[in-house]
Amino acid sequence: MSGTGSIAEVGTPSARSRALAVLRVRSRALAVGLLPAAVAVVLVSARMTGRLAGDPWQAVTLAVCAVAAFVLLVGGIFAAVVLRASPAMTPTVPLSESAAPDLYRLVRDLADRMDVPAPSAIALTPDCDSWLEDRTHPAHRRARGRIAGGAAGAGGPESEPGAAPVLVIGSPFLWWMRVAELRAVLAPVVAGTGPSAHPDIADARGFVRGLDAAVDVGDRRFLGWIAAPARLLLRLCRVDAAEMERGVAAAASDRAQGVDYALRIAAQEQVGLAYAGWDRLLTRVALPAWRMGRWPAHLDAGVVSALTELSRRDRLADGFTSRLGERPACDLLDRPGAVDEAASLLAARLFHGGPAEAGPDWSPVDWAAYPEEVVDRKWRTEAARLLAALDGLAASSSPAASTVERVLTHLTDADADALAGRLSGDLAREAVPAAAASAGRGADALPLFPLETPRSGRDLLADHVLALVCCAAVDSAGAEPGLDWLDGPVLLVAGVRRADLAGRVLSLVEDGDSGPLRDWLAEVGVRPEKPVRLV
C-alpha cells in the first residue's frame, strides 16, 4: 500500500502546489523575522574588519542590533505560541475498537480497497456529518492525558506523532442508514487519509491550524498582540489553504469513484433526509426536555422514529422506510444502547449547554416516559408562570384562582402586551441562575451550537396559554399528553391528536377573540372555571 495516494486533480491546481504556496507564506514570515538579524550580522562583521569605522556606524550598528534582538524575541514568542497553541478539537464520543470491531473492519476494508492509510481511530458526533480530524498536536495529547489521569499512553494511537486522522462519523447515520449505505457514504471521507498523509499537505494544515489557534490565544492577558500577526498570515494564505482543501476533497472523491459509486448516489438522499429528521427531533422534541433539566437518552433511536414518520407524511420520502428491513449500521456496534446514550448526552452539551455528566438536576428520560415526565411537566410549569404573571399585573395581595376562565377574561378585556412583557421579564430572570451555572463550568460552558431562537412576547404568551388549556383538558376532560416525533409535545383527546388548538389560542392572543377557543373547550368538555392543577 502506498500510504499517500494520488493528490493530482483534473482541471484544478494540485493540492500539493497549494500546500507549497501556504508554506511559502510561512517561509516569508520567517525571512522577515530574520532580516534585521542578518543586517545586524553584516554590520557587526564590517565593524570588526574595519570597513565601517568611525561615526555614525557605531550608533547605527548598536541600533540595528537592538532592533534585531527585539524582533527575534517577538518572533520567537509568536512562533512558540503558534507551535504550542491547541487547535480546536470537536467534542466527540470516542469509539474503541473493542466497542465496534465490525465498524473498524468495515473502515479498514474501505481503506485497503482504495489503497490509503486506515484512520487511526473512530469517534462519533451527534450531527449529520462525517469528516477526518487530525489529533496529533501535542496539546491534544496533554489534554487526553489529563482526562485519563496522567496514565501512560492515555492519548491513544490517534495522538501519536505521524498518526492518521481520526474518522468522525455522525451518530444519526449509524441508526438510520443501512450497512451498505454507510460504507458508500464513508468511502470518500476515508479516501481523504491518502492526501492527509502527504508531508507538504500535513505541514501546511498544521501551520494554518496553529495560526487559527493563535488568534484565540490573543485574547489572553499579555498576549493580545499575538492575534494581529496571526490574522495577517491567515489572510495571506486563506485562498491557497481553501484551494488546497478543495483539491484534497477532489482527489479523495476521485479515488472513491470505484467503491459503491451507484449506491452512494442513493445514500446521499438518506443523508439529506437524516439531516431534516435530526433537526426536527432536536428542536421540537429534545429542546423542551433539555429546558426541563432532562435529556432524552436515546436520540439516535428516536431519529429512526422521526424519519419513519417523516417518510409517512412526505410523499418525497415515500418508500425510504422499505430499507428498514436491511441490516442497520448500528449493528456494527457491540453496545448500541450505551453509545446512543453517550451521544445523546453530548448532544445536550453541544446544543443546549447542559452538564457533561448526569446528576439530580440533569437526568436522562426514556421515550416511554417522555409524555408524563416532560410534556405534562412543561405544560404545568408554563401554566404556573402565566398565572403568576397575571397575579403580578393584578397587584393583588393573594393569588387568584388558577383557571382558564380568568385568562380568557383578561385577554378579552385587556391588552395582551402587558402580560406578554411580564412573561418575558419573568423568563429572563429565571435564565440568570442557569447562565451563572454555565459560566461556572469554565471550558464546559457550552453550547457551541445553540438551538434557542429569540421569541417575541406574544409568541411566549401564546405558548403559555396553550399550556394552560392543555393542563385543563388533561385535568377535566380526560385528555393526555403525547409525543409527536416531528412536532414534539402534543395533546391527545381520546387517543387522537388535536392539532386545531393552536390557531384558536392565537385568535385570543392576537385579536382578543375568545369565541373560537370557548367553542373548542365546550366541544372537548373542558370546564374553564375549574381550577387547574399546577406544579
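The structure we're discussing is the one just above.
Here we summarise the structure given alongside this text.

Definitions and limits used
- Residues numbered from 1 in each chain as written.
- Predicted model: local features only at pLDDT ≥ 70, side-chain atom pairs only at ≥ 80, totals over all residues.
- Heavy atoms only, no water.
- Helix = DSSP H or I, 4+ residues; strand = E, 2+ residues; numbered from the N terminus.
- Contact = heavy atoms within 4.5 Å.
- Areas by Shrake-Rupley, 256 points an atom, 1.4 Å probe, with all protein chains shown as cover.
- Bend = angle between axes of the 7 residues up to and from the residue.
- Buried < 20%, exposed > 50% of the residue type's maximum accessible area, 1.4 Å probe, protein only.
- Axes fitted to C-alpha atoms, helices over the stretch in contact; angles between N-to-C directions.
- Parallel < 35°, antiparallel > 145°, perpendicular 65-115°, else oblique.
- Left-handed = near helix turned anticlockwise from the far one by under 90°.
- Nonpolar A, V, L, I, M, F, W, Y, C, P; charged D, E, K, R; others polar.
- Phe/Tyr/Trp six-rings, centres within 6.5 Å; stacked < 30°, edge-to-face > 60°.
- Pairing = 2+ DSSP bridges.

Some details on the overall build of the protein
And step 1. If you tally the helices and strands in the protein, you get 18 helices and nine strands.
And step 2. Within the protein, contacts between residues at least 6 apart in sequence are counted, and of these 78% link residues at least 24 apart.
And step 3. Here the protein displays about 25,200 Å² of accessible surface, and carbon together with sulfur accounts for 57% of that area.

Description of helix 9 (residues 227-255)
And step 1. Of all the bends in helix 9, the greatest, near 55°, is centred on Cys237.
And step 2. Taken together, the buried positions of helix 9 are occupied by Ala227, Ala230, Leu233, Leu234, Cys237, Asp240, Ala241, Met244, Gly247, Val248, Ala251 and Ala252.
And step 3. Of the surrounding elements, those touching the buried residues of helix 9 are helix 1 (15-48), helix 2 (57-84), helix 6 (179-191), helix 7 (193-196) and helix 8 (199-217).

Here's the deal with the packing of helix 1 against helix 2
And step 1. Between helix 1 and helix 2, the shortest axis-to-axis distance is 8 Å and the interhelical angle comes to 150°. One finds that helix 1 runs roughly antiparallel with respect to helix 2. Considering how the two elements wind past one another, helix 1 and helix 2 form a crossing that is left-handed. Only Trp57, Gln58, Val60, Thr61, Val64, Cys65, Val67, Ala68, Val71 and Leu72 of helix 2 make contact with helix 1, whose side of the interface consists of Gly33, Leu34, Pro36, Ala37, Val39, Ala40, Leu43, Val44 and Arg47.
And step 2. Looking at side-chain class alone, the contact of helix 1 with helix 2 contains 15 nonpolar, three polar and one charged residues.

Re the packing of aromatic side chains
And step 1. For the structure shown, the criterion picks out two aromatic pairs.
And step 2. Ring centres 5.9 Å apart and planes at 45° place the aromatic pair Trp367 and Tyr370 in the tilted group. Of the two residues, Trp367 and Tyr370, neither departs from the other in class, the shared state being buried.
And step 3. Taken together through their ring pairs, the aromatic side chains of Trp367, Tyr370 and Trp485 make up a single cluster.

A few points about the environment of Pro101
And step 1. Of note, Pro101 is situated in helix 3 (residues 101-114).
And step 2. The spatial distance from the C-alpha of Pro101 to the C-alpha of Leu332 is 7.3 Å, given a sequence separation of 231 residues.
And step 3. If near-sequence neighbours (up to four positions away) are discounted, Pro101 is found in contact with Leu332 and Asp334.

Remarks on the pairing of strand 4 (residues 166-170)
And step 1. Summarising burial for strand 4: five of the five residues are buried, a large majority.
And step 2. Alternating positions in strand 4 separate into two faces, Val166, Val168 and Gly170 on one and Leu167 and Ile169 on the other, with burial throughout.
And step 3. Here strand 2 (residues 121-125) runs beside strand 4; their pairing, made up of five bridges, is parallel. Each bridged residue has a counterpart across the sheet, and for Ala123 the counterpart in strand 4 is Val168.
And step 4. Of the strand pairs in this sheet, strand 3 (residues 130-133) and strand 4 are connected by four bridges, and their pairing is antiparallel. Bridge pairing links Leu132 to Leu167 in strand 4.

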